[in-house]
Each structure stands twice: as C-alpha cells, then as structure tokens.
Amino acid sequence: MTPSIEVFQDEPIFESSLKTSVVAEISSSSSSSKDQLARELINRALVNHISGIDHEECEAGDEDSFFVCDLGEVYRSFGVWQQKLPQVQPHYAVKCNTNLEVIKLLASLGVNFDCASKNEIDTILNLGISPDRIVYANPCKTNSFIRHASKANVNLTTVDNAQELHKLKKFHPDCGILIRLATDDETAQCRLSTKFGCTLSAAINELLPLAKELGLNVRGVAFHVGSGAKDFDSIYKAIRDSRDVFNRAITEYGFEMSILDIGGGFELETFDESSSMVCSSLNKFFPADFVSQNGIKFIAEPGRFMVSNAFTLAAHIIARRDLDLKATFVSEEDKQVSAMVYINDGVYGNMNCILFDHQNPQAHVLQHKNKFFYHQDEESDDQKLIDDDAKGEHHFSIWGPTCDGLDCVASKCTLSHDVEVGDWLYFPNLGAYTSAATTAFNGLGGNSHIIYVCSEDL
Ligand SMILES: *Cc1c(COP(=O)(O)O)cnc(C)c1O
C-alpha cells in the first residue's frame, strides 16, 4: 500500500455497493434505523481500512491514524437546525472543520458561511460559492484581508472597536457592518468576551455615532455567546441588548438595520434548550411586526453543531509501558492505571481539541487480537459475551506520539480489553476543532486520511 495515494482525497469515495448491501441487510432485519445503518457503514469502513494493514510488515505511515466521516450526520444535524430554528439562516463557521466535502454538502443544503481570514474566504469562493453567502465574522481584521474582501465582494463583517471602523472607511467603505456585542459568558467553556465584543454602551455611544460620521453602512448586530455554555440566559441578555442597539441605530442614526447574527456555540446535546431560548427571546425582543417593518433577517454561525458527531478517529497503539505499581516513581495518579498506552495521534495532532477546546475524547477499543469491537461496549451484555471472552475493565493512561509530556490524551481511562501494541482504538465525535488545527511537531502529523460514508441518500 502506498500512502501517497491514500492521503487526502479530493472526492469522497463512497463505496456505493457496500452501502447498498448494508441497506439491504438492515432493512431486512427487524430493528431497522438510521443509527444502525450509520454504525454499520462506519464499522465496515474502519474494518476495511485496518484489515489491509499489517503493522509488522507495512510501509512507514500506513498505520497512521485516520478518520471515517459520515456525511449523513452533517445532513441530519442540519435537519435538526431546520426543525428547531427555521427562522435563523445558519452560516457554518469554517474554522471548526475546513473539510471540503462537509463545506460542499452544507452549501448544497443552503447553509452559508462564516469566514475569519483570507484563506477561509478563498476556500469558500474557490468552490464557486457566491461571496454574498459569506459573513467575514472577525472583528479584528488584517488591513490587506479587508482589501481582499472588498475585491472579492465579501460585503458583510463584524466590528467591535473604533479603529476597525476607520480601517473599513479606508479599505472597504461600502461593507455592511454588524456591531459585535460582548456577551455575559461566565458559564461558557470557551470564553470569548474576554477577547471580542464591545459593551452595549460603547456600541451606542461610541461606535454608532462614529460610523455615522464616517458614512459607514451599519446593518445590524452580532454576538457569540461562546461554546460549551450551560446557561442560556446569556442568549436572552444578548438578544435583549441587540434590540437596544437596533432601536438607537434606527431612530437616532437612520441606519437600515436588517441583520441580527446570534453567533455559534450551539451543541446538539443541548439544542432543545438553547434553541428554545433563542425562539422565546426573539419573539420577545424581535416581534413579528418589528421584524417585517425593518425587513430583519436572523442569521447564526454554528460550527461544532454541524460536524462534531460526523467524524470518528481511529488510532493505532504503537507502544505500551506496563507499570510496576510498587515502584516508588509511579505517581499516585498512575497507580490507578495498569499501563501507559502510546498511540499515533495526540494533542499536537487531531486531538488538539483537548488543549484548545476543552474536549475530552472518549477512547474505545476498535481492534484487539484481530477481533473488531466497534460500538460493542455499548451493546447488550449478551452480545459482549458472545464476542469476547476476555472482556473486562482495564485501566490505562493514553499518550500521544510526540516527545512532549503535555501530549496526554487521557490520564485515566477504562477500556474493555487489555490492549497491546498493534491494536487500534477509536474516538467518536471528533469532527469539531480537530483536523483544523493539527501541527507537524516532531515530524508527525499532516493531513489525515479520511474515508467517507453516507448514511443518508444525498
Ligand atoms: C468559533 C466561532 C463560531 C463557531 O463556534 P462553535 O462553538 O463551533 O459553534 C461562531 N462565531 C464566531 C465569531 C466564532 O469565533
């Protein structure tokens, strides 16, 4: 197997015959469901890929970690959005995962895009997507990027400070402007109001009058409550404050205020609550008559919501150190684990989300002693017994492949099998903030191979 052919495909290779056979099998069985189809497709993709690799004979890198992407999950996430927030046009935050197949699918579904740099803008434009589907949602932009946006006809951006208004006046005076408000995000995991957003009073007393004086085109308000928020009051407060800015901008300055951008940070797991907070707050502060009088459109910038659960990462166990639990140098924490396991992906690679996004990837055994266990720790006990007699609870710490002590994937985790060198682990839900920020530290990393499956008819 030559790695160069395998690395980064331009087009997804759907094994349609595979899919057809899986569909046939599943629909003929009693409990047919999308979940089951998705699982089976992912399972077969994982097994197919790994079965072709003999770690004792393969070329260097053949056993690299890889992703399986189910585009059907992206489609279903979009469907959930449509169902719960049909009045809010999503602009996918490209920074979250720049995978072109994901972007093309979202574009075909009518999703627009949030870009934060020249490269992100070009990624979208190079796919033939119209510049009026982009919001350049970075409140602190490089001058040359502003000129680039102007040339490329990207005509909507966010601003949270006076200097930025002067920059726009100089380089893109006709650009539509959304005033980015800071939000109350004390409960968010990734706090953003420490970096971006102006206060309500700065928006009203400083930015609106200055924009008027400069003859700029303020068109609305943006905020982003940050990711991992547990408390959706911040959404309520931000929508309330946005209405204040709308009022002043319309009545005192005569701006044509027509866009409210409610940002990102939405998660599938909590979407019932967050979306209902959005709906009730919009109903209260942006009632139908106000919206229709001003021709107001609601937009949002979801990132993780669309892709988190669409990617599964598989990594190979490259080394294992058994711990002598009586040894004095074993730390208290390590005494709870029987061995340290080293895999070929970590925090400098696709699991940078541990450091940058406070994620906690969950390891499961994919292959052990030539048997495959995808999704089996979640199946019934009977099933487990049939599949494996040696099953149990085994405690490990998991480490990435670089020479840095920071490169720890899990300081303590429980696996169903006593894994060894040559086995494989898998990590579900690694679509957001993973491949987007990998490094080549230690001569490791680079674009990971992606196998595409699709559990929906697209
Ligand atoms: C990162 C970011 C997003 C996307 O955040 P998610 O948590 O992935 O939804 C949206 N808007 C802005 C301004 C961002 O910085």
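Residues numbered from 1 in each chain as written. Predicted model: local features only at pLDDT ≥ 70, side-chain atom pairs only at ≥ 80, totals over all residues. Heavy atoms only, no water.

The name given to the protein in an unreviewed UniProt entry is Ornithine decarboxylase, and the organism recorded there is Scheffersomyces stipitis. Regarding the protein, the UniProt comment filed under Sequence similarities (unreviewed entry) reads as follows: "Belongs to the Orn/Lys/Arg decarboxylase class-II family." The annotation that UniProt attaches to the protein under Subunit (unreviewed entry) is "Homodimer. Only the dimer is catalytically active, as the active sites are constructed of residues from both monomers." (UniProt positions renumbered as here; feature names shortened; annotations may be inferred.)

Asker: Before we go on, may I ask you to explain the environment of Lys371 in this structure?
Answerer: Position of Lys371 relative to the elements: it lies in strand E13 (residues 371–372). Residues Lys371 and Asp423, spaced 52 residues apart in sequence, show a C-alpha to C-alpha distance of 9.4 Å. (Helix = DSSP H or I, 4+ residues; strand = E, 2+ residues; numbered from the N terminus.)

Asker: Hey, could you run me through the environment of Cys408 in this one?
Answerer: Locating Cys408 in the fold gives a position in strand E15 (residues 408–415). Separated by 60 residues in the primary sequence, Cys408 and Tyr348 have C-alpha atoms spaced 9.8 Å apart. In contact with Cys408, other than residues within four places in its own chain, are Val347, Ile354, Ile398 and Trp399. (Contact = heavy atoms within 4.5 Å.)

Asker: What's the story with the nonpolar core in this structure? I'm lost.
Answerer: One recurring pattern in soluble globular proteins: nonpolar side chains tend to sit buried together. One finds Tyr92, Phe113, Phe286, Ile343, Leu425 and Phe427 to be the most contacted residues of the largest nonpolar core, which totals 107 residues. When residues of this core are assigned to domains, at least three map to each of domain 1 (31–63 + 308–378 + 386–453) and domain 2 (72–306). Excluding residues that lie within four positions of it along the chain, Phe113 makes contacts with His91, Tyr92, Val94, Ile103, Leu106, Ala107, Ile124, Ile129, Arg133, Ile134 and Val135. Membership of the second largest hydrophobic core comes to 16 residues, among which are Ile50, Phe66, Val68 and Ala314. (Core = buried A, V, L, I, M, F, W, Y, C linked by side-chain atoms within 4.5 Å. Buried < 20%, exposed > 50% of the residue type's maximum accessible area, 1.4 Å probe, protein only. Domains from an automatic or database assignment.)

Asker: How should unusual backbone geometry be read in this particular structure?
Answerer: The phi angle of most residues is negative, glycine excepted, and most peptide bonds adopt the trans form. Positive phi values are uncommon outside glycine, yet Asn153 reaches one of about 70°. One can find Asn153 in the loop between helix H7 (143–151) and strand E5 (156–159). With a phi angle near 55°, Tyr433 is a residue other than glycine that sits in the positive phi range. Looking at the secondary structure, you find Tyr433 in the loop between strand E16 (424–427) and strand E17 (449–453).

Asker: Explain the packing of helix H4 (residues 71–84) against helix H11 (residues 271–285) to me, please; I cannot follow it from the model alone.
Answerer: Any two packed helices are characterised by the angle at which their axes cross and by the distance between the axes. Contact geometry for H4 and H11: axes closest at 10 Å, N-to-C directions at 35°. The hand of the H4/H11 crossing is right-handed. Across the interface between the two elements, Val80, Trp81 and Lys84 of H4 pack against Phe271, Asp272, Ser275 and Cys279 of H11. Residue classes in the contact of H4 with H11 are distributed as four nonpolar, one polar and two charged. (Axes fitted to C-alpha atoms, helices over the stretch in contact; angles between N-to-C directions. Left-handed = near helix turned anticlockwise from the far one by under 90°. Nonpolar A, V, L, I, M, F, W, Y, C, P; charged D, E, K, R; others polar.)

Asker: What is the right way to look at the pattern of salt bridges in this model?
Answerer: Close approach of charged atoms allows side chains with opposite charge to pair. Inspection of every chain in the model, using the stated rule, returns 16 salt bridges. Between Arg76 and Glu73 there is a salt bridge, with its nearest N and O atoms 3.2 Å apart. Within this pair, Arg76 and its partner Glu73 are both found in helix H4, separated by three residues, close to a single helical turn. For Glu73, a relative accessible area of 15% corresponds to the buried category. Notably, a salt bridge pairs Arg240 with Asp241, separated by 3.4 Å at the nearest N-O pair. (Salt bridge = Lys/Arg side-chain N within 4 Å of Asp/Glu carboxyl O.)

Asker: Can you walk me through helix H3 (residues 34–51) in this structure?
Answerer: Along an α-helix, residues three or four apart share an orientation, since each turn contains 3.6 residues. Here H3 is 18 residues long and its end C-alpha atoms lie 25 Å apart, about the 26 Å a rise of 1.5 Å per residue gives. Residues of H3 that are buried include every one of Leu37, Ala38, Leu41, Ile42, Asn43, Arg44, Ala45, Leu46, His49 and Ile50, and no others. (Expected span 1.5 Å × (residues − 1).)

Asker: Explain the packing of aromatic side chains here, please?
Answerer: Ring pairs (aromatic) are described by centroid distance and by the angle formed between their planes. Tallied over the entire structure, the rule returns 15 aromatic pairs. Plain terms: the ring middles of Phe271 and Phe305 are 4.4 Å apart, the flat faces sit at 50° to each other, and that makes the pair tilted. On the criterion of sequence distance, the pair formed by Phe271 in helix H11 and Phe305 in helix H13 (residues 304–307) is long-range, its members being 34 residues apart. Judged by its relative accessible area of 1%, Phe271 falls in the buried class. By the ring-pair criterion, three or more aromatic residues cluster together here, those being Trp81, Phe266, Phe271 and Phe305. Looking at Lys141, its charged tip hangs above the ring of Tyr136, at a distance of 5.7 Å from the centre. (Phe/Tyr/Trp six-rings, centres within 6.5 Å; stacked < 30°, edge-to-face > 60°. Lys NZ or Arg CZ within 6 Å of the ring centre and 35° of its normal.)

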